[in-house]
Amino acid sequence: MKNKPSVVMIGLGYIGLPTAALIAKNKEYVHGVDINPSVVDTINAGKIHIVEPELDSAVAEAVAEGYLKASTTPVAADTYLIVVPTPFKGKNEPDISFVEAATQAIIPLLKKDDLYIIESTSPIGTTEKMMQLIYTSRPELEGELNIAYCPERVLPGNVMYELVNNDRVIGGVDEKSTNKALDFYKKFIKGDLHRTNARTAEMCKLVENSSRDVQIAFANELSLICDKADINVWELIELANKHPRVNILQPGCGVGGHCIAVDPYFIVADYPMESKIIGKAREINNYKSFWCAEKVQTAKLEFELKHGRKPGIAIMGLAFKPNIDDLRESPAKYIAQKVLQNANNEQYYIVEPNIESHTVFKLTNYQEAVEKADIIVYLVAHKEFKELQLSKDKVVLDFCGVLK
Ligand code: SAJ
């Protein structure tokens, strides 16, 4: 890079890389940092290491024009963005050590008026904690930096559009920091920018995903009740939603992905006595996956009793939600594993139309699977499954509303 970078982006993953490409598209020089040298090499070659529509061309262009360069170490800039993972440690407790390490790495580079922003999903108080860390090492800068929290809210698969168009919540540790962060995001975001303080912005991200988790738990709880009460839950929800102020979400085989099934624990870990509904929703959504696996086991035994032979079983879908290839934290994958652990000479057909092959599961084409199997277990409502015609003799366990 010929010019001095104005932005350093620490963490070039699912959010950091698209954001870096977007800033670079706006003709600001971005120095991207990742601890993984192969990620750095891939990006410097103008290529990408993740699957996300339109990201490849954005990165290729930014690198070719010299606005984006990656490295394993940070350099001096005016704005520093921290977009690293915040995984779990112990029993569902957030681990902010990557945010801490990223902050430590840039502390020596900071100068008066610089802007430091955390985007990583973080427990409440993290931004203030990092401020303390910075000012303890660099007391001469106390009050001279701009420090803010601004969570991302993009939906995987639609990142390049949502990054630009979604509203953002921006919370500084003081007014001056909020203003400076707002000026920064204004340059490349078309959505509205909403001002608040750092703690509220941190909580806002956790609450958005917890709210969805709680709502899905309600739908999943209804599905358990309806199963016992012999009521079609899909019809029930459709009818209840005719009320102008009711909007129930859809039950499924559990909640997956790396956001909704994770972020609520960030609240529960710090406020266990107060977060009763949030904690219970996690339990219900996890239980739903266990319940589905048990249902398959029962259907299998019933088939054997009735027909005097072992059934063929089609497990339809492994992804964490419909029409994607992402299996991370997938309840469908968990159920498939659990069902296979209980296997007893039945024939299994594992189906995932969005991936070619898998290291653990031997995959079968979805048409062949439903033709050969006696029991069809729908775990993910992929569009391909909705077009299938099933013969009347099949036993169908529809956990995600494919047939609704
Ligand atoms: N699900 C249901 N029933 C529903 C809707 C979803 O069971 O009615 C399940 C899905 O099958 C999946 C899980 O919930 O297993 C999560 O899927 P999702 O589409 O609700 O969300 P994600 O994880 O792909 O992305 C979420 C989004 N947050 C919200 O919608 C509040 C996204 O905007 C966030 O940016 C993202 O989390 C994140 O990074 O936090």
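Residues numbered from 1 in each chain as written. Predicted model: local features only at pLDDT ≥ 70, side-chain atom pairs only at ≥ 80, totals over all residues. Heavy atoms only, no water.

**Focus: helix α11 (residues 276-307)**
Here is step 1 of the chain: In a regular helix each residue adds 1.5 Å, so 32 residues correspond to 46 Å; α11 covers 46 Å between its end C-alpha atoms and thus fits that length.
Here is step 2 of the chain: Once α11 ends, the next one or two residues include Gly308, with phi positive near 65 degrees. (Helix = DSSP H or I, 4+ residues; strand = E, 2+ residues; numbered from the N terminus. Expected span 1.5 Å × (residues − 1).)

**Considering the site of the ligand**
Here is step 1 of the chain: Neighbouring the ligand are 18 residues, the closest being Val154, Lys205, Asn209, Arg212 and Phe320.
Here is step 2 of the chain: Here an oxygen atom of the ligand and a side-chain polar atom of Lys205 are 2.6 Å apart.
Here is step 3 of the chain: Phe320 places a polar main-chain atom, nitrogen or oxygen, 2.6 Å from an oxygen atom of the ligand.
Here is step 4 of the chain: About the coverage of the ligand: the protein hides 84% of its 780 Å² of free accessible area.
Here is step 5 of the chain: A per-class count over the shell around the ligand returns 9 nonpolar, 3 polar and 6 charged.
Here is step 6 of the chain: Shared between two domains, the shell around the ligand takes at least three residues from each, and those domains are domain 1 (7-198) and domain 2 (211-398). (Near = heavy atom within 4 Å. Polar contact = N/O pair within 3.5 Å; in protein donor to acceptor, adjacent residues only side chain to side chain. Areas by Shrake-Rupley, 256 points an atom, 1.4 Å probe, with all protein chains shown as cover. Nonpolar A, V, L, I, M, F, W, Y, C, P; charged D, E, K, R; others polar. Domains from an automatic or database assignment.)

**Quick look at the domain arrangement of the protein chain**
Accessible area lost during the coming together of the parts is what is often quoted as the interface size.
Here is step 1 of the chain: Segmenting the protein chain into domains produces domain 1 (7-198) and domain 2 (211-398).
Here is step 2 of the chain: If you average the C-alpha positions of domain 1 and of domain 2, the two centres end up 35 Å apart.
Here is step 3 of the chain: Between domain 1 and domain 2, the contact holds 12 residues from the first and 10 residues from the second.
Here is step 4 of the chain: Taken together, both faces of the contact between domain 1 and domain 2 bury some 1,000 Å²; the carbon and sulfur share is 69%.
Here is step 5 of the chain: Applying the counting criterion to the domain 1 and domain 2 interface returns 0 salt bridges.
Here is step 6 of the chain: Applying the counting rule to domain 1 against domain 2 returns 0 residue pairs in polar contact (both at pLDDT 80 or more).
Here is step 7 of the chain: Per-class residue counts for the side of domain 1 that touches domain 2 are 7 nonpolar, 4 polar and 1 charged. (Contact = heavy atoms within 4.5 Å. Buried area = accessible area lost by both parts, 1.4 Å probe. Salt bridge = Lys/Arg side-chain N within 4 Å of Asp/Glu carboxyl O.)

**Observations concerning the environment of Ser357**
Here is step 1 of the chain: As for its placement among the helices and strands, Ser357 is situated in the loop between β12 (347-351) and α13 (366-372).
Here is step 2 of the chain: Residue class for Ser357 comes out exposed when judged on its relative accessible area of 60%.
Here is step 3 of the chain: Residues Ser357 and Ile315 lie 42 residues apart in sequence; the distance between their C-alpha atoms is 15 Å. (Buried < 20%, exposed > 50% of the residue type's maximum accessible area, 1.4 Å probe, protein only.)

**Overview of the nonpolar core**
Here is step 1 of the chain: In this structure, Ile43, Leu68, Leu81, Phe184 and Tyr185 are the most contacted members of the largest nonpolar core, which totals 43 residues.
Here is step 2 of the chain: Among the secondary structure elements, those contributing two or more residues to this core are β1 (7-10), α1 (16-25), α2 (37-44), α3 (55-64), β3 (68-71), β7 (115-118), α6 (159-165) and α7 (175-186).
Here is step 3 of the chain: Tallying contributions element by element places α1 first for this core, with 6 residues.
Here is step 4 of the chain: Among all residues touching Phe184, those that are not within four sequence positions of it are Val7, Ile23, Thr79, Leu81, Leu115 and Ile117.
Here is step 5 of the chain: Core analysis: the next-biggest nonpolar cluster, separate from the first, contains 29 residues, Ile313, Phe320, Ala336 and Val380 among them. (Core = buried A, V, L, I, M, F, W, Y, C linked by side-chain atoms within 4.5 Å.)

**Some points on the sheet that holds β1**
Here is step 1 of the chain: With mixed pairing, 8 strands are arranged side by side in an open sheet as β3-β2-β1-β4-β7-β8-β9-β10. The open sheet is flanked by β3 and β10 (193-197), the only strands paired with a single partner. Here the strands of the sheet are splayed against their neighbours by 25 degrees on average, with no regard to which way each runs.
Here is step 2 of the chain: As paired elements, strand β9 (residues 168-172) and β10 share 5 bridges and run parallel to each other. Residue pairing in the sheet places Val169 in a bridge with His194 of β10. (Pairing = 2+ DSSP bridges. Axes fitted to C-alpha atoms, helices over the stretch in contact; angles between N-to-C directions.)

**So, the pairing of strand β4 (residues 79-82)**
Here is step 1 of the chain: Across the two faces of β4 the burial is the same, with Thr79 and Leu81 and Tyr80 and Ile82 all buried.
Here is step 2 of the chain: Across 4 bridges, the pairing between β4 and β7 is parallel. Its bridge partner being in β7, Ile82 is matched across the sheet by Ile118.

**Concerning the pattern of salt bridges**
Here is step 1 of the chain: Tallying each qualifying case throughout the model produces 23 salt bridges.
Here is step 2 of the chain: With its nearest N and O atoms 2.7 Å apart, the salt bridge here joins Arg138 to Glu140.
Here is step 3 of the chain: Of the residues examined, Arg138 reaches a relative accessible area of 17% and is grouped as buried.
Here is step 4 of the chain: For Glu140, a relative accessible area of 53% puts it in the exposed group.

**Section: the side chain of Glu152**
Here is step 1 of the chain: Locating Glu152 in the fold gives a position in the loop between β8 (146-149) and α6.
Here is step 2 of the chain: Engagement of the side chain of Glu152 in a polar contact is seen with the backbone nitrogen of Val154, the distance being 3.0 Å.
Here is step 3 of the chain: Apart from residues no more than four positions distant in its own chain, Glu152 is found in contact with Ile15, Glu119, Arg168 and Lys205.

**Section: the state of the cysteines**
Here is step 1 of the chain: Tallied over the full model, the rule gives 0 disulfides.
Here is step 2 of the chain: In this structure Cys204 is a free cysteine whose sulfur lies 10 Å from that of Cys150, the closest cysteine sulfur available.
Here is step 3 of the chain: A relative accessible area of 23% places Cys204 in the partly exposed class.
Here is step 4 of the chain: With no disulfide of its own, Cys226 has Cys292 as its nearest cysteine by sulfur position, at a separation of 14 Å. (Disulfide = S-S within 2.5 Å.)

**Quick notes on the environment of Glu175**
Here is step 1 of the chain: On the secondary structure map, Glu175 appears in helix α7.
Here is step 2 of the chain: Owing to a relative accessible area of 56%, Glu175 belongs among the exposed residues under this scheme.
Here is step 3 of the chain: At a separation of 3.2 Å, a polar atom in the side chain of Glu175 contacts the side chain of Arg195.

**Notes on the sheet that holds strand β14 (residues 395-398)**
To summarise the sheet geometry, strands pair through backbone hydrogen bonds and adopt either a parallel or an antiparallel arrangement.
Here is step 1 of the chain: Strand order in the open sheet formed by 4 strands is β12-β11-β13-β14, with parallel pairing between adjacent strands. Whereas interior strands pair on both sides, the edge strands pair on one side only; in this sheet they are β12 and β14. Looking at each pair of strands side by side, their axes are set apart by 15 degrees on average, direction ignored.
Here is step 2 of the chain: Relative to strand β13 (residues 375-378), strand β11 (residues 312-316) runs parallel, the two being bridged by 4 bridges. Bridged to Ile315 within β13 is Val377.

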